[in-house]
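Breakdown of the fold
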Amino acid sequence: MYTLRDALSSENLTALNTLKSGVTFVSNNIRLGVNNVDRLSVYDYSKWKTWTRTQRSNFKNCFAETDVNKAVIGYFLKFPANTGFLDEMNTWQDATSVGTIVAYSLTENNSITIDGQTVSVAKGQGIEFSLKNTHAVSASATESNWACLMLMK
């Protein structure tokens, strides 16, 4: 279902937060979940395909080489306080081949729901799950930030 990952080093956590402050975020325009257009997800993202070569390199240097070698995209997610959320995603449930997400919490008190189970992820800690698993992020009183890789295993 999911695997909790060891925490990033304090140096890598600082590097990711510094990089996050220097990239451009855009608002999600449409991310359809189980509730379709009745509950469109609200979050901002920044993907490495829009970053400079140096920014991409700095981002990749914060992760395990084995993950980076399997990554098809890296990105930051920002869920605004009180309004940000990801509707339950089930798009890939019946797919034969799907990606794996490795997401590291950049803020305190982050949580994600995977297959109906809410998992708390401490600042700096990571979580790995298959996109075959349903997943959602609930709104929170504080902004939550994540650094993510999508892997093809």
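Just above, that's the structure.
Structural notes, computed from the coordinates. These numbers come from a predicted model, not from an experiment.

**Observations regarding unusual backbone geometry**
Here asparagine 82, not a glycine, exhibits a phi torsion of approximately 70°, which is positive. Tracing the chain through its elements places asparagine 82 in the loop between strand S4 (71–79) and strand S5 (86–89). You can call asparagine 82 exposed: its relative accessible area is 56%. Unusually for a residue other than glycine, asparagine 109 sits at a positive phi of about 65°. Structurally, the position occupied by asparagine 109 is in the loop between strand S6 (100–105) and strand S7 (110–114).

**Some points on the sheet that holds strand S3 (residues 44–47)**
Taken in spatial order, the 7 strands of this open sheet run S1-S9-S6-S11-S4-S3-S2, and their pairing is antiparallel. Each edge of the open sheet is held by one strand with a lone partner, namely strand S1 (2–5) and strand S2 (26–27). Alignment of S1 against strand S9 (residues 126–130), held across 4 bridges, turns out to be antiparallel. By the bridge assignment for S9, leucine 4 is matched with isoleucine 127.

**Describing the sheet that holds strand S10 (residues 135–137)**
Read across the sheet, 4 strands follow the order S5-S10-S7-S8 without closing on themselves; strand pairing throughout is antiparallel. At either end of the open sheet lies a strand with only one pairing partner, and these are S5 and strand S8 (117–121). When the angles between neighbouring strand axes are averaged without regard to direction, this sheet yields 25°.

**Some words on the side chain of lysine 20**
Of note, lysine 20 is situated in helix H1 (residues 10–20). Glutamate 143 provides the closest opposite charge to the buried, unpaired lysine 20, separated from it by 4.9 Å.

Rules of the game
- Residues numbered from 1 in each chain as written.
- Predicted model: local features only at pLDDT ≥ 70, side-chain atom pairs only at ≥ 80, totals over all residues.
- Heavy atoms only, no water.
- Helix = DSSP H or I, 4+ residues; strand = E, 2+ residues; numbered from the N terminus.
- Buried < 20%, exposed > 50% of the residue type's maximum accessible area, 1.4 Å probe, protein only.
- Pairing = 2+ DSSP bridges.
- Axes fitted to C-alpha atoms, helices over the stretch in contact; angles between N-to-C directions.
- Lys, Arg positive; Asp, Glu negative; His and termini not counted.
- Salt bridge = Lys/Arg side-chain N within 4 Å of Asp/Glu carboxyl O.

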